[in-house]
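If you want the building blocks of each chain, they are given just below.
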Amino acid sequence: MANIKSQIKRVKTNEKRRQRNKSVKSAVRTAIRRFREAVESGDTEQITVQQRAASRALDKAASKGVIHANQASNKKAKIARKAASV
């Protein structure tokens, strides 16, 4: 453990950020998984709902800096292509 007061604070804040990032990434993965499950079921109404939810989760993660904006954009494009093909 660090001895310097500022470093002790950094360790605490880094852990808080790590936990928050982990939570946001998990939510993004869950939204994408639910979208894939909707595609497999073939329910078009559910596909559009899950596509919107996944895109929203990706945008939020990108705005918080958890994932890069380009990564979010690429994943949204991939989801949109898959939704359009069904």
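Given the structure is predicted, the values throughout are model-derived calculations rather than measurements. (Residues numbered from 1 in each chain as written. Predicted model: local features only at pLDDT ≥ 70, side-chain atom pairs only at ≥ 80, totals over all residues. Heavy atoms only, no water.)

Enquirer: Would you mind going over the overall build of the chain with me for this structure?
Expert: Across its full length, the chain carries 3 helices and 0 strands. Counted from the first residue to the last, the chain has its helices and strands arranged as α-α-α. For 86 residues, the compact-globule formula gives about 12 Å, and the C-alpha radius of gyration of the chain, at 17 Å, lies well above that figure. For the chain, the residues scored as buried account for 22% of the 86 residues in total. Across the chain, every contact between residues at least 6 apart in sequence was considered, and the portion connecting residues at least 24 apart equals 47%. Summed over its atoms, the accessible surface of the chain is roughly 6,500 Å², and 48% of this surface lies on carbon and sulfur atoms. Separation between the mean location of the 23 positive side-chain charges and that of the 6 negative ones in the chain comes to 15 Å. (Helix = DSSP H or I, 4+ residues; strand = E, 2+ residues; numbered from the N terminus. Rg over C-alpha atoms; globule rule 2.2 N^0.38 Å. Buried < 20%, exposed > 50% of the residue type's maximum accessible area, 1.4 Å probe, protein only. Contact = heavy atoms within 4.5 Å. Areas by Shrake-Rupley, 256 points an atom, 1.4 Å probe, with all protein chains shown as cover. Lys, Arg positive; Asp, Glu negative; His and termini not counted. Charge placed at Lys NZ, Arg CZ, Asp CG, Glu CD.)

Enquirer: Explain helix H1 (residues 5–41) here, please?
Expert: Since the α-helix advances by 3.6 residues per turn, residues separated by three or four positions end up pointing in the same direction. With 37 residues, H1 should reach 54 Å at 1.5 Å per residue; the first-to-last C-alpha distance of 55 Å fits that figure. For H1, the set of buried residues is Val24, Val28, Ala31, Ile32, Phe35, Ala38 and Val39. Looking at the packing, one finds that the buried side of H1 touches helix H2 (44–64) and helix H3 (69–85). Directly after H1, the chain includes Gly42, whose backbone phi takes a positive value near 85 degrees. (Expected span 1.5 Å × (residues − 1).)

Enquirer: Looking at this structure, I do not really get a positive patch on the surface. What am I missing?
Expert: Side chains of Lys9, Arg10, Arg17, Arg20, Arg56, Lys60 and Lys64 sit close together on the surface and give a patch of like positive charge. Listing elements by their share of the positive patch, those giving two or more residues are H1 and H2. The greatest single-element share of the positive patch, amounting to 4 residues, is contributed by H1. In this structure, Lys60 sits in helix H2. Residue classification places Lys60 among the partly exposed positions, given a relative accessible area of 43%. (Patch = residues over 30% accessible without salt bridge, like charges linked within 9 Å, V, L, I, M, F, W, Y side chains within 5 Å. Salt bridge = Lys/Arg side-chain N within 4 Å of Asp/Glu carboxyl O.)

Enquirer: Could you clarify how one ought to interpret H2 in this entry?
Expert: Taking 1.5 Å per residue as the helical rise, H2 with its 21 residues ought to reach 30 Å, and the 30 Å between its terminal C-alpha atoms agrees with that figure. Among the residues of H2, those classed as buried are Ile47, Gln50, Ala54, Ser55, Ala57, Leu58 and Ala61. Viewed along the axis of H2, the buried residues span an arc of 165 degrees, placing them on a single side of the element. Turned more than 90 degrees from where H2 packs its buried face, Glu45, Arg52, Arg56, Ser63 and Lys64 sit exposed. Contacts made by the buried residues of H2 are with H1 and H3. The first or second residue beyond H2 is Gly65, which carries a positive phi of 85 degrees. (Arc of directions from axis to C-beta.)

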